[in-house]
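This is what each chain is made of:
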Amino acid sequence: MSAPVSNAARNDNAFAALRQFARKRRAVEVCELCSSELAPEHQHLIETAARKLVCTCDACAILFSSQTSSKFKRVPRRIRFLQRFQISEAQWDGLMIPIELAFFFRNGPSEKVSAFYPGPAGATESLLSLEAWGDIEQENLALRELEPDVEALLANRVGANRGVAAQYYIVPIDECYKLVGLIRLNWHGLSGGTEVWREVGKFFTSLKERSETVVEETNA
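Right, let's walk through the structure included here.

Conventions and cut-offs
- Residues numbered from 1 in each chain as written.
- Predicted model: local features only at pLDDT ≥ 70, side-chain atom pairs only at ≥ 80, totals over all residues.
- Heavy atoms only, no water.
- Pairing = 2+ DSSP bridges.
- Helix = DSSP H or I, 4+ residues; strand = E, 2+ residues; numbered from the N terminus.
- Axes fitted to C-alpha atoms, helices over the stretch in contact; angles between N-to-C directions.
- Contact = heavy atoms within 4.5 Å.
- Expected span 1.5 Å × (residues − 1).
- Buried < 20%, exposed > 50% of the residue type's maximum accessible area, 1.4 Å probe, protein only.
- Arc of directions from axis to C-beta.
- Core = buried A, V, L, I, M, F, W, Y, C linked by side-chain atoms within 4.5 Å.
- Salt bridge = Lys/Arg side-chain N within 4 Å of Asp/Glu carboxyl O.
- Polar contact = N/O pair within 3.5 Å; in protein donor to acceptor, adjacent residues only side chain to side chain.

Here the focus is the sheet that holds strand S1 (residues 43–47). If you walk across this open sheet you meet the three strands as S2-S1-S3, and the pairing is antiparallel. Across the chains shown, the open sheet's two edge strands, defined by having one partner strand only, are strand S2 (52–56) and strand S3 (72–74). In this sheet, adjacent strand axes meet at a mean angle of 35 degrees when their direction is disregarded. Both S1 and S3 contribute to a ladder of three bridges, which runs antiparallel. What sits directly across from Ile 46, in S3, is Lys 73.

Quick look at the structure:
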């Protein structure tokens, strides 16, 4: 016959089980280079060959701030709202993007400008000609400052045909993938539904609040 378990022992066992459960439930994101615990808002590197974002702590991110030959590049934090961005409807049509939301970045090794647009399946690369890019860059000098691989032009023209002002930003590349994930998570049905576009609106409101405004970026 086993000895009776005291109330104190039962309580100790119960608290031990709760602590173990809490440890299992707590999902803590860690630095992918040194395994340090990360805050919800943290630094990113990009593995350029794989176009893969790597979550890092501040210390590890600083190590790659000036390393141009490394396979990792640090993603900057600056967001710039291009208040006077110039693009005609003909130029936009020449980019052959099927929707009114897209981001563009320069691939460092190839010097090629890539275009992606988000959807329910993730980010789709436009394989069509980007011959009009040179003309757009000529008229918007800020585009010449895009840092390859880690910064992008983010274009939001949703609602432009209803009189809603288009928005153009130079953003860290991780903001683009954050938008892609948001759309993928909230998309319902064929058109996305009202929820996804409400979340997209919140995303761009936050982006505007965190941005600095550039007013001298055109060559006009």
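Alright, that's what it looks like, and here's the rest.
All right, on to the sheet that holds strand S5 (residues 101–106) then. Spatially, S7-S6-S5-S8-S9-S4-S10 is the arrangement adopted by the seven strands of the open sheet, whose pairing is mixed. One side of each edge strand has no neighbouring strand; the edge strands of this open sheet are strand S7 (122–125) and strand S10 (212–214). Going from strand to strand, the sheet's axes swing by 30 degrees on average, the running direction of each strand aside. Bridge count between strand S4 (residues 80–82) and strand S9 (residues 167–172): two bridges; the pairing is antiparallel. Across the sheet, Phe 81 pairs through a bridge with Tyr 169, a residue of S9. Along the sheet, helix H5 (residues 173–186) makes contact with S5, strand S6 (113–119), S7, strand S8 (151–156) and S9, crossing S5 at roughly 150 degrees. Taken strand by strand, helix H6 (residues 193–209) contacts S4, S5, S8 and S9, and its axis lies near 70 degrees from that of S9.

All right, on to H6 then. Its 17 residues place the ends of H6 25 Å apart at the C-alpha level, agreeing with the 24 Å of an ideal helix rising 1.5 Å per residue. Along H6, the residues that are buried comprise Val 196, Val 200, Phe 203, Phe 204 and Leu 207. Viewed along the axis of H6, the buried residues span an arc of 90 degrees, placing them on a single side of the element. Away from its buried face, by an angle of more than 90 degrees, H6 presents the exposed residues Thr 194 and Glu 209. In this structure, the buried side of H6 is in contact with S5, S8, S9 and H5.

Here we take up the nonpolar core. Among the nonpolar cores identified, the biggest contains 25 residues, and Phe 103, Leu 154, Ile 173, Leu 179, Ile 183, Phe 204 and Leu 207 are the most heavily contacted of them. Sorting the residues of this core by element identifies S5, S8, S9, H5 and H6 as the ones contributing at least two each. By residue number, the principal contributor to this core is H5, which donates six residues. Excluding its chain neighbours within four sequence positions, the residues that come into contact with Leu 154 are Ala 102, Phe 103, Gln 167, Tyr 168, Tyr 169, Val 171, Leu 179, Phe 203, Phe 204 and Leu 207.

Considering all chains together, one arrives at 12 salt bridges under this definition. Notably, a salt bridge pairs Arg 80 with Glu 151, separated by 2.9 Å at the nearest N-O pair. Of the two residues, Arg 80 sits in strand S4 while Glu 151 sits in strand S8, which places them 71 residues apart along the sequence. For the pair formed by Arg 80 and Glu 151, the shared burial category is buried.

All right, on to the side chain of Asn 186 then. Looking at where Asn 186 falls in the secondary structure, it is placed in helix H5. At a separation of 2.8 Å, a polar atom in the side chain of Asn 186 contacts the main-chain carbonyl oxygen of Leu 182. When neighbours within four sequence positions are excluded, Asn 186 is seen to be in contact with Gly 192, Glu 195, Val 196 and Glu 199.

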